[in-house]
Each structure stands twice: as C-alpha cells, then as structure tokens.
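Descriptive structure summary
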Amino acid sequence: MIEKFQITKEYKVDPRTFGGLIYPSDFNTDYRGKRNQTGSPIARRIAQDQNFDKGCKR
C-alpha cells in the first residue's frame, strides 16, 4: 500500500499585516446568493485586504 503525505509550511503570524475581517456569512457554504458579474464577494474582500497591506508597506 502506498501512503501519500501532504507537506505544509509552518504558518507564522505577521503582526504587521491586516488579516481582514471574517463575517459569519463566510462560513455558510450552502448559500450562493446572486450571481455576481464581478466575482466572489469573499475573494474581492481578500484582494482588497492584500492591497491594503501593500499600501501600508509602501
């Protein structure tokens, strides 16, 4: 029998970055809501948070 292992990196918290806000609706995977032309609202918030971090870094 062949065993498969998934190797992951150690997660280190960086206090210099904004992790973003988590909403209760983020955990509701059964609700899709309206089809958004602009993409997923969760993905859009993640991208905005990353852009905020980049702006603060500059």
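Our subject in this report is the structure included herewith. (Residues numbered from 1 in each chain as written. Predicted model: local features only at pLDDT ≥ 70, side-chain atom pairs only at ≥ 80, totals over all residues. Heavy atoms only, no water.)

**Quick word on the overall build of the chain**
The condition is simple: Strands here are runs of E lasting at least two residues and helices are runs of H or I lasting at least four, both read from the DSSP assignment and numbered beginning at the N terminus. Here the Shrake-Rupley method, with its probe set to 1.4 Å, supplies the accessible areas, and only the displayed protein chains count as covering residues.
Broken down by element type, the chain carries one helix and zero strands. As displayed, the chain offers around 6600 Å² of accessible surface, 54% of which is attributable to carbon and sulfur atoms.

**Observations regarding the side chain of D49**
Here is the rule: Three exposure classes are used, based on accessible area relative to the maximum for each residue type with a 1.4 Å probe and protein chains only: buried under 20%, partly exposed in between, and exposed over 50%. When charges are tallied, Lys and Arg are placed among the positive residues and Asp and Glu among the negative ones, while His and the ends of the chain are skipped. Any carboxyl oxygen of Asp or Glu within 4 Å of a side-chain nitrogen of Lys or Arg constitutes a salt bridge here.
You can see D49 is positioned in helix 1 (residues 41-57). For D49, which is buried and forms no salt bridge, the nearest opposite charge comes from R45, at a distance of 5.8 Å.

**Overview of the pattern of salt bridges**
Evaluated as defined, the whole model comprises one salt bridge. The partner of D14 in a salt bridge is R16, with the nearest N and O atoms 2.9 Å apart. You can call R16 exposed: its relative accessible area is 73%.

**Observations regarding the environment of Q50**
With respect to the helices, strands and loops of the structure, Q50 is situated in helix 1. Judged by its relative accessible area of 47%, Q50 is partly exposed. Considered as a pair, Q50 and G20 are 30 residues apart in the sequence and their alpha carbons are 8.5 Å apart.

**Things to note about the side chain of D53**
Put simply, the test is: When checking whether two residues touch, look at their non-hydrogen atoms; a contact exists if any pair is within 4.5 Å.
Mapped onto the secondary structure, D53 falls in helix 1. Among buried charged residues, D53 stands out as having no salt bridge; its nearest opposite-charge side chain is K54, 9.3 Å away. Non-local contacts of D53, meaning those with residues more than four positions away in its chain, are made with T17 and F18.

**Observations concerning a nonpolar patch on the surface**
To keep it simple, the criterion reads: Residues qualify for a patch when their relative accessible area is over 30% and they have no salt bridge, like charges being joined within 9 Å and the nonpolar side chains of Val, Leu, Ile, Met, Phe, Trp and Tyr within 5 Å.
The grouping of F18, L21, Y23 and F52 at the surface amounts to a nonpolar patch, some 400 Å² of accessible area in total. Along the chain, F18 falls in the segment before helix 1.

**Some remarks on the environment of Y23**
Tracing the sequence through the fold places Y23 in the segment before helix 1. Measuring from C-alpha to C-alpha, the distance between Y23 and I42 comes to 9.6 Å, with 19 residues separating the pair along the chain.

Geometric values such as these leave the question of function open.
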